[in-house]
Structures are given as structure tokens and as C-alpha cells.
Amino acid sequence: MAINATPADFDEIIQGPLTIVDFWAPWCGPCKMMEPVMEKLEQRFGDKIKFVKLNVDGNQSIAQQYKVMSVPSLVLFRNGEAKEKVTGVYPEAKLAHYFERKISE
């Protein structure tokens, strides 16, 4: 199960070799479409990637800090530093390929 981040613990949670933060909102239809995809990917890659969710409602300052202008957005962190961002809905196979590449880097 993905870790639900808050402003109080965000900086601590994103530490680690590889973290994916899913910026989402409860009113976002595409976010709901991505939820089962992210759950499957977490089952597959959870031993190599830390999965985190951040509800942008009420946490706009963190979203702005990482230039998240629309949801869903996935931000990849290495050792607490934002490296890449992808926005929108992606098929499971495409994200799995992306995660595999990032793990091997």
C-alpha cells in the first residue's frame, strides 16, 4: 500500500534510492483510472521502489514546489531529489518499462 504523505512528513518520506510520488486529487477522473495501475505496479516493483501518494487538495505548496500543474502526475525522486515528472494517464506496460529503466540506472 502506497504511503500517504503529508506536508509534515513529505521531505522525510521521499528519502531513499528510488521513490515515486503520485500527485492526485479525489475529484480527478484520470487519477481514479491510474489508481489500479499504480497498485499493480507497486505489487510488482514495491521491493525496489517506494510508492507515495500526495493529495494535492490542501497541499498545493508541495505541488507548486515540484511544478505539478495537473494531476495525475508522477514525480521520480532519487535520494530525496526530484529527477523527472510524467503527467497524465499511462498504460501499465509503459509505466512498467519506465520503472525498469529507472531501477537499472
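Right above here is the structure, for reference.
First, a word on scope: everything that follows refers to the structure included in this document. Quick caveat, the model's predicted, so the values are computed rather than measured.

### Notes on unusual backbone geometry
Following valine 71, the chain continues into proline 72 via a peptide bond in cis, with omega recorded as 0°. Take proline 72: it is sitting in the loop between helix 3 (60-65) and strand 4 (73-78). In this structure, lysine 67 is a non-glycine residue whose phi angle is positive, near 55°. If you trace the backbone, lysine 67 turns up in the loop between helix 3 and strand 4. Given the relative accessible area of 54%, lysine 67 is considered exposed. Residues other than glycine seldom take positive phi values, yet asparagine 79 does so here, at roughly 50°. One can find asparagine 79 in the loop between strand 4 and strand 5 (81-87). The class for asparagine 79 is exposed, based on a relative accessible area of 55%.

### Comments concerning the pattern of salt bridges
For the coordinates displayed, the defined rule picks out 8 salt bridges. We note a salt bridge from aspartate 47 to lysine 48, for which the minimum N-O separation is 3.8 Å. Aspartate 47 gets classed as exposed once you look at its relative accessible area, which sits at 64%. Under the relative-accessibility criterion, lysine 48 is labelled partly exposed at 48%.

Conventions used here
- Residues numbered from 1 in each chain as written.
- Predicted model: local features only at pLDDT ≥ 70, side-chain atom pairs only at ≥ 80, totals over all residues.
- Heavy atoms only, no water.
- Helix = DSSP H or I, 4+ residues; strand = E, 2+ residues; numbered from the N terminus.
- Buried < 20%, exposed > 50% of the residue type's maximum accessible area, 1.4 Å probe, protein only.
- Salt bridge = Lys/Arg side-chain N within 4 Å of Asp/Glu carboxyl O.

All we've got here are geometric facts, nothing functional implied.
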